[in-house]
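Chains, contacts and geometry: an overview
Residues per chain are reported as follows:
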Amino acid sequence: MLTRHLLKQASTCRHFLLNSKTSSPFLTKSILFTSSSSSPESQSPTNTFVDDKVKDQYPTGTSISIDRSALYNLPEHSHEPTSDSELVKHLKGIIKFRGGPISVAEYMEEVLTNPKFGFYISRDVFGAEGDFITSPEVSQMFGEMVGVWAMCLWEQMGRPKQVNLVELGPGRGTLMADLLRSASKFKSFTESLHVHMVECSPTLQKLQHHNLKCFVEDDNSDGVEKRTVSMLAGIPVSWHALLEQVPSGMPSIIIAHEFYDALPVHQFQRASRGWCEKMVDVSEDSMFRFVLSPQPTPATLYLMRRCKWAAPKEIEKLGQIEVCPKAMDLTRTIADRIRCDGGGALIIDYGLNGVVSDSLQVKSLTIVFGASASIMSVHGLSVLVNIFNYLSAECLNTWAFMTCTLHSFMFYFISSNFPQG
């Protein structure tokens, strides 16, 4: 009975629509809506009434306007390419993925050594055509003098038969090339060496390979790994991304020239709640900005250690402090290697014998966080002075340690105590 009633209602509605030539789209929608909820008996008078009202209120040819002023309008989206470099987009992506700011050290590390966009990774930044010139590029005497130091250290060690000659951050390889060229006349010294270049940049590795005049030794022996040898002195050369990858078990002569100043730093700022780490965030207008961490960060442990090495009066007058955990950890690694295997280290860099407050060269956020990558450099080496004082007091009491300053450079010599002969 119900089915028959519904079929009769639908038939009446179709008959009305087909025979009504004056109904408007608005009226049609109204009829369809009414027919689904009303009986056929009450439908016809109502429909006639609605039809008359629509004709009176909206005569033919009248346009209807809608006020959208109170509606929320989405911001216009532009499909035009932005001026952000790929590196800047990458950094903003990291911050967005993390859901919050990153440390200055992480920002600096990405800018300098990102595998795809890093400042040191993709191009040659040294020399007259690059962004800066280092001492070895100015005169070959610099590398030759370092070579004299290395030979003197080797003599003090008792002329060991096997020695690792390690350079951290070799740049173009100019220093090592000058060292080997001048040392090639001393066969007993060069025959004991195996050169290890600690370099993370594939581009610079190729330059170093070229400047050291390296070739792969022909060896038909089965199961024997082919060696890369420098023609400058007939010395085998290997490349590593980290110092920890250099083989241990033999004395090491380690050279680091302008390497520590490129290590990422953490910055802390004094606030009402104490020392807060300075972080890098993205503002609402998509610009980078500095913010303070709301709570202690892992780098706070290094800050506490750094403050212990400084005089309290020196810390009290500062509003900002920098710490370099990677420099601390690297120095510890060098110290442990030399303590276990013997050898020495020569570290040459710009430095300040005191607490470093702000070593970043550029202060403007617009420039610092722009497309240029060479933005954060020259970190003072005062941290090393305190590290070495700490190490010598704690575990290096059998070491000879000396520091000297010459024309803004700080030279650090670390070596085992060798028998006098």
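Here, residues in each chain are numbered from 1, in the same order as that chain's written sequence. It should be noted that, the model being predicted, local features are given only for residues of pLDDT at least 70 and side-chain atom pairs only at 80 or more, the latter also being counted only at that level, while totals for whole chains, interfaces and linings use all residues. The basis for every side-chain value is the complete set of heavy atoms in the structure, and neither hydrogens nor water enter the calculation.

1. Digging into the overall build of the protein chain
Comment: elements are numbered from the N terminus, with helices defined as DSSP H or I runs of at least four residues and strands as E runs of at least two. Scanning the protein chain from terminus to terminus reveals 15 helices and 14 strands. In the protein chain, which comprises 421 residues, the share counted as buried stands at 44%. Summarising the internal contacts of the protein chain: among those between residues at least 6 apart in sequence, 70% fall at separations of at least 24. In the form shown here, the protein chain has an accessible surface area of approximately 24,200 Å², with 55% of it arising from carbon and sulfur atoms. Throughout this description, buried means an accessible area under 20% of the type-specific maximum (1.4 Å probe, protein chains only), exposed means over 50%, and partly exposed covers the range between. Contact between two residues is taken to exist if any of their heavy atoms lie within 4.5 Å; hydrogens are not considered. Each accessible area value is a Shrake-Rupley result obtained with a 1.4 Å probe; residue values ignore everything except the protein chains displayed when judging cover.

2. Brief notes about unusual backbone geometry
Even without a glycine there, the phi angle at Lys 213 is positive, about 55°. Within the element layout of this structure, Lys 213 appears in the loop between helix H10 (202-211) and strand E4 (214-216). Owing to a relative accessible area of 44%, Lys 213 belongs among the partly exposed residues under this scheme. Positive phi values are uncommon outside glycine, yet Glu 258 reaches one of about 50°. On the secondary structure map, Glu 258 appears in the loop between strand E7 (252-257) and strand E8 (266-271).

3. Regarding the pattern of salt bridges
Any Lys or Arg side-chain nitrogen located within 4 Å of an Asp or Glu carboxyl oxygen qualifies as a salt bridge. Throughout the structure, instances matching the rule amount to 10 salt bridges. As a salt-bridge pair, Arg 98 and Glu 106 come within 2.6 Å of each other at their nearest N and O atoms. Of the residues examined, Arg 98 reaches a relative accessible area of 48% and is grouped as partly exposed. The closest approach of N and O atoms between Glu 137 and Arg 172, which form a salt bridge, is 3.5 Å. Placement of Glu 137 in helix H6 (residues 135-138) and of Arg 172 in the loop between strand E2 (163-168) and helix H8 (174-183) is noted, with a sequence separation of 35 residues between them.

4. Here's the deal with the environment of Val 146
Following the sequence through the fold, Val 146 ends up in helix H7 (residues 140-156). Take Val 146: its relative accessible area is 5%, and that puts it in the buried class. Separated by 32 residues in sequence, Val 146 and Asp 178 place their C-alpha atoms 9.1 Å apart. Residues within four places of Val 146 in sequence aside, it is in contact with Leu 175, Leu 179, Ile 255, Leu 346 and Ile 348.

5. A few points about the packing of H7 against H8
Packed helix pairs are characterised by how far apart their axes lie and by the angle those axes make with each other. An axis is simply a line fitted to the C-alpha atoms; with a helix, the fit covers only the stretch in contact. Between two such axes, the angle follows the N-to-C directions and lies from 0 to 180 degrees. The N-to-C vectors of H7 and H8 enclose an angle of 60°; their axes lie 7 Å apart at closest approach. The orientation of H7 relative to H8 falls into the category oblique. Regarding H7 and H8, the two cross each other, and that crossing is right-handed. Every residue of H8 that contacts H7 at Gln 140, Phe 142, Gly 143, Glu 144, Val 146, Gly 147 and Met 151 is listed here: Leu 175, Asp 178, Leu 179, Ser 182 and Ala 183. Of the residues belonging to the contact of H7 with H8, the class tally is six nonpolar, four polar and two charged. Oblique is the label for every angle not falling under 35 degrees (roughly parallel), over 145 degrees (roughly antiparallel), or within 65 to 115 degrees (roughly perpendicular). Crossing chirality is assigned from the near helix's rotation relative to the far helix, an anticlockwise turn below a right angle marking it left-handed and a clockwise turn marking it right-handed. Only Asp, Glu, Lys and Arg are considered charged, only Ala, Val, Leu, Ile, Met, Phe, Trp, Tyr, Cys and Pro nonpolar, and every remaining residue, Gly among them, polar.

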